[in-house]
2 protein chains.
Amino acid sequence: MSDCSLCKVPTLPILWSGHNFRIVLVTDQNIKGYLRLELLEHVSEIHQLSESIRQQMNLLLHIIEISLVNIFHPDKINIASLGNMTPHVHWHIVSRYKQDNFFPDSIWSNPARNNRFENTQEEISNLKHQLTSMIKQQDAEQAFDS
Amino acid sequence: MSDCSLCKVPTLPILWSGHNFRIVLVTDQNIKGYLRLELLEHVSEIHQLSESIRQQMNLLLHIIEISLVNIFHPDKINIASLGNMTPHVHWHIVSRYKQDNFFPDSIWSNPARNNRFENTQEEISNLKHQLTSMIKQQDAEQAFDS
């Protein structure tokens, strides 16, 4: 699938990568605390995944959500799997703030404001540490395949 | 939480209701095959749910996705938990078609077209039957609490 952007090596920072998924920090959209969980294999829809891969995916989504809450203290978490333009399983997990550029609308709506938001190096480093250590703990507890 | 619209009895058709969740057919947005999975209890974020309720939620999301694919044969499935305006756990599970009013953008983006789409009575009846029977089967297999 050479024309699928998610089948290529991402240009955005990879915070964690396992056998089946990777977690990428979305830094190009003026939103703080925005991660993407990307399946490594090219599969269009979630229901096409095996039960074991789906369970891994759900566990990673849970770990990502907790990590974002712990580090970014957002007003709301948004989670979405759309993929209309890129039909390759991936999730957007987004920290939302009442002051962000889109609130209370979705990040795919027209922006209401046009302010600049960036993750600090400390936030990125804490996020990477938290994700890695939570996933490692699951590895030990559940023989998580990553 | 009297000012939370999801804490009220929905005005949209309820296709299934259990102890913890209900499945509602979204009929007021000119989109075919659009369901909402709503937690009955007022909780803001998914990570605040118990592991058992999260597992039920994930299983229901899977059943909903399969049911929509079987009955509506969409070009893509979109799944999202936003709740910025209504911070009460609920998921949008949406059948997307290349000809729908928003494709390839999200259903929260500006519409590209303005056509009328409605579920047929047969589709609604098949959907209700499929959801109910898949959930009942899980009940039997996994003592699903609904």
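Residues numbered from 1 in each chain as written. Chains lettered and ligands numbered in written order. Predicted model: local features only at pLDDT ≥ 70, side-chain atom pairs only at ≥ 80, totals over all residues. Heavy atoms only, no water.

Caption draft 1: Region of the structure containing helix α1 (residues 51-72) of chain A. Residue and element names in this part refer to chain A. Compared with the 32 Å implied by 1.5 Å per residue over 22 residues, the 31 Å span of α1 between its first and last C-alpha is a close match. Of all 22 residues that make up α1, 17 are buried, and the element is covered over most of its length. Residue H73 follows α1 closely and has a positive phi angle near 45°. (Helix = DSSP H or I, 4+ residues; strand = E, 2+ residues; numbered from the N terminus. Expected span 1.5 Å × (residues − 1). Buried < 20%, exposed > 50% of the residue type's maximum accessible area, 1.4 Å probe, protein only.)

Caption draft 2: Geometry of the interface of chain B and chain A. Residue-level contacts link 31 residues of chain B with 31 residues of chain A. For the chain B and chain A pair, buried surface summed over both sides reaches about 2700 Å², with 51% attributable to carbon and sulfur atoms. In this structure, the connection of chain B to chain A is made through two salt bridges. The partner of A:K76 in a salt bridge is B:E45, with the nearest N and O atoms 3.0 Å apart. Connecting chain B to chain A are 25 residue pairs in polar contact (both at pLDDT 80 or more). Elements represented by at least two residues in the side of chain B that touches chain A include exactly α1 (51-72), β4 (76-81) and β5 (90-96) of chain B. By residue class, the composition of the side of chain B that touches chain A is 13 nonpolar, eleven polar and seven charged. Both strand β4 (residues 76-81) of chain A and β4(B) contribute to a ladder of three bridges, which runs antiparallel. (Contact = heavy atoms within 4.5 Å. Buried area = accessible area lost by both parts, 1.4 Å probe. Salt bridge = Lys/Arg side-chain N within 4 Å of Asp/Glu carboxyl O. Polar contact = N/O pair within 3.5 Å; in protein donor to acceptor, adjacent residues only side chain to side chain. Nonpolar A, V, L, I, M, F, W, Y, C, P; charged D, E, K, R; others polar. Pairing = 2+ DSSP bridges.)

Caption draft 3: How the structure looks around the environment of A:I79. Note on placement: A:I79 falls in strand β4. The exposure class assigned to A:I79 is buried, which follows from its relative accessible area of 3%. Once the C-alpha coordinates of A:I79 and A:L12 are considered, the two residues, 67 residues apart in sequence, prove to be 19 Å apart. Discounting residues that sit within four places of it in the chain, A:I79 has contacts with A:L61, A:E65, A:W91, A:H92, A:I93, B:I46, B:I79, B:A80, B:S81, B:L82 and B:W91.

Caption draft 4: Local environment of the pattern of salt bridges. Residue and element names in this part refer to chain A. Evaluation of the coordinates by the stated rule reveals twelve salt bridges over all chains. Across the pair R36 and E38 runs a salt bridge whose closest N-O atoms are separated by 2.9 Å. The pair R36 / E38 is uniform in exposure class, with both members buried. A cluster of three or more residues bridged by salt bridges with shared partners is formed by R22, R36 and E38.

Caption draft 5: Spotlight on the relation of the copies chain B and chain A. Once turned by 180° and shifted 0.0 Å along the axis, chain B lies on chain A with an RMSD of 0.0 Å. Such values leave the two copies arranged in the relation of a two-fold axis. Closest approach to the rotation axis within chain B is made by the C-alpha atom of B:A80, at a distance of 2.0 Å. (Least-squares fit on C-alpha atoms with pLDDT ≥ 70 in both.)

Caption draft 6: Representation of unusual backbone geometry within the structure. All names here are of chain A. Cis geometry marks the peptide bond from F103 to P104; its omega dihedral reads 5°. Along the chain, P104 falls in the loop between β5 (90-96) and α2 (121-142). Positive phi, close to 60°, is recorded for N30, a residue that is not glycine. Following the sequence through the fold, N30 ends up in the loop between β2 (21-25) and β3 (34-39).

Caption draft 7: A look at the sheet that holds β5(B). Strand order in the open sheet formed by ten strands is β1(A)-β2(A)-β3(A)-β5(A)-β4(A)-β4(B)-β5(B)-β3(B)-β2(B)-β1(B), with antiparallel pairing between adjacent strands. Whereas interior strands pair on both sides, the edge strands pair on one side only; in this sheet they are β1 (14-17) of chain A together with β1 (14-17) of chain B. Neighbour-to-neighbour, the strand axes of the sheet open up by a mean angle of 15°, direction not taken into account. In this structure, β2(A) lies alongside β3(A), joined through five bridges in antiparallel fashion. Bridged to A:V24 within β3(A) is A:R36. Strands β1, β2, β3, β4 and β5 of chain A of the sheet are contacted by α1(A), whose axis makes an angle of about 20° with β5(A). Sitting on the sheet, α1(B) is in contact with β1, β2 (21-25), β3 (34-39), β4 and β5 of chain B, with an inclination near 20° to β5(B). (Axes fitted to C-alpha atoms, helices over the stretch in contact; angles between N-to-C directions.)

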